[in-house]
Amino acid sequence: MYQQLHGTRPEVADITPEMWRDIDAIVAESKGKPGAAIPVLRKCQNTVGFLPRPLIDYVAESMGLPRAEVYGVATFYNQFRFQPLGRFHIQVCRGTACHVKKSLQTLTAVQRTLNIKPGQTSRDGLFSLEVVACLGACGLAPLIAVNGEFHAGATPDVVNRLVRNLRKEAKVT
C-alpha cells in the first residue's frame, strides 16, 4: 500500500531489499487487525534490529494507521529501540538482589566509561546499554550481561576491565 501511495519505500541504509520484503509480508499479514501495531513493530524490529523513523512512518502508512498512534506505541514500550544495538550489547540488571548489591554503582560505571546512557549506542557503534529489571541470576549479583553472557560481581572495577577487554577484542577482529 505504501508503494501505491508514495511510489517507493523510504531509503534507509540499514534496511536491505530482503528486509523490505519481510516487512511488507509482516504488514500485509496484520493490516486491518485491531491492536496489530505492537506485534508488527516487534517483528519489524526483529527483522531490522531497531526501528528507524522512516520505518515507523512506513508501517503507519502501510497499515492505514495515524503516525501518532504508531509512534505512541513505539515510544511507550521500552522493548522498542530507535538505534541499532552496538556490537557489544550490555545489559545491567537492576532487580532487587542486584540493587541491594549496588548495581547502581555498576550502571554509573558503565555510563561513565562508555559515555552513554541507557538506550543509547556509543558513537563508534561498539557498545549499547540497556537497564533490565532482572536477568534471573540473583545469586550472581550485581550482574551484567554482554551479548547474553553473564558477568557476575560486576563492580565498577570489573566493568572497567571488561570494557577494556572488549575494546581490545574489537580491534583484533
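Quick caveat, the model's predicted, so the values are computed rather than measured.

Caption draft 1: Helix H7 (residues 103-114), seen in detail. The end-to-end C-alpha distance of H7, which contains 12 residues, comes to 16 Å, matching closely the 16 Å that a straight helix rising 1.5 Å per residue would cover. Every buried residue of H7 is listed here: Ser103, Thr106, Leu107, Ala109, Val110 and Leu114. Within H7, the buried residues cover an arc of 160 degrees as seen down the axis, which keeps them to one side. Tucked inside the fold, the buried residues of H7 contact strand S1 (88-93), helix H6 (96-100), strand S2 (127-132), strand S3 (144-146) and helix H8 (156-172). A positive backbone phi angle near 55 degrees is found at asparagine 115, which sits one or two residues after H7.

Caption draft 2: Geometry of the sheet that holds S2. Pairing is mixed across the open sheet formed by four strands, whose spatial order is S2-S1-S3-S4. Of all strands in the sheet, those bounded by a partner on one side alone are S2 and strand S4 (149-151). Along the sheet, successive strands turn relative to each other by an average axial angle of 25 degrees, direction set aside. In terms of strand pairing, S3 meets S4 through three bridges, oriented antiparallel. Bridging across to S4, valine 146 finds its partner in glutamate 149. The strands touched by H7 within the sheet are S1, S2 and S3, with S1 carrying the most contacts at an inclination of about 155 degrees. Across the sheet, H8 touches S1, S2, S3 and S4, and the angle it forms with S3 is around 0 degrees.

Caption draft 3: Examining the packing of helix H2 (residues 17-30) against helix H3 (residues 37-48) more closely. Here H2 crosses H3 at 170 degrees, and the two axes come no closer than 10 Å. Judged by the inter-axis angle, H2 sits roughly antiparallel to H3. Contacts between H2 and H3 involve Met19, Asp22, Ile23, Ile26, Val27, Glu29 and Ser30 from the first element and Val40, Lys43, Cys44, Thr47 and Val48 from the second. Along the lines of polarity and charge, the residues of the contact of H2 with H3 split into seven nonpolar, two polar and three charged.

Caption draft 4: Representation of the environment of leucine 55. You can see leucine 55 is positioned in helix H4 (residues 53-63). Residue leucine 55 is classed as buried on the basis of its relative accessible area, which comes to 0%. Distance in space between the C-alpha atoms of leucine 55 and valine 12 is 8.0 Å, their sequence separation being 43 residues.

Caption draft 5: Geometry of the nonpolar core. Core analysis: the largest hydrophobic core is formed by 26 residues, its most contacted members being Ile23, Leu55 and Val59. Of all the secondary structure elements, the ones that give two or more residues to this core are H2, H3, H4 and helix H5 (67-76). Ranked by residues supplied to this core, first place goes to H4 with six residues. Residues contacting leucine 55, with those up to four places away along its chain left out, are Ile15, Trp20, Ile23, Cys44, Val48 and Phe50. In this structure, Ala109, Val110, Leu114 and Phe127 belong to the second largest nonpolar core, which totals 19 residues.

Caption draft 6: Molecular detail of the pattern of salt bridges. For the coordinates displayed, the defined rule picks out six salt bridges. The closest approach of N and O atoms between aspartate 57 and arginine 67, which form a salt bridge, is 3.8 Å. One end of the pair, aspartate 57, is in helix H4; the other, arginine 67, is in helix H5, with 10 residues separating them in the sequence. According to the relative accessible area criterion, arginine 67 is partly exposed, its value standing at 39%. Within this structure, Asp57, Glu61 and Arg67 form a network of salt bridges that share partners.

Basis of the calculations
Residues numbered from 1 in each chain as written. Predicted model: local features only at pLDDT ≥ 70, side-chain atom pairs only at ≥ 80, totals over all residues. Heavy atoms only, no water. Helix = DSSP H or I, 4+ residues; strand = E, 2+ residues; numbered from the N terminus. Expected span 1.5 Å × (residues − 1). Buried < 20%, exposed > 50% of the residue type's maximum accessible area, 1.4 Å probe, protein only. Arc of directions from axis to C-beta. Contact = heavy atoms within 4.5 Å. Pairing = 2+ DSSP bridges. Axes fitted to C-alpha atoms, helices over the stretch in contact; angles between N-to-C directions. Parallel < 35°, antiparallel > 145°, perpendicular 65-115°, else oblique. Nonpolar A, V, L, I, M, F, W, Y, C, P; charged D, E, K, R; others polar. Core = buried A, V, L, I, M, F, W, Y, C linked by side-chain atoms within 4.5 Å. Salt bridge = Lys/Arg side-chain N within 4 Å of Asp/Glu carboxyl O.

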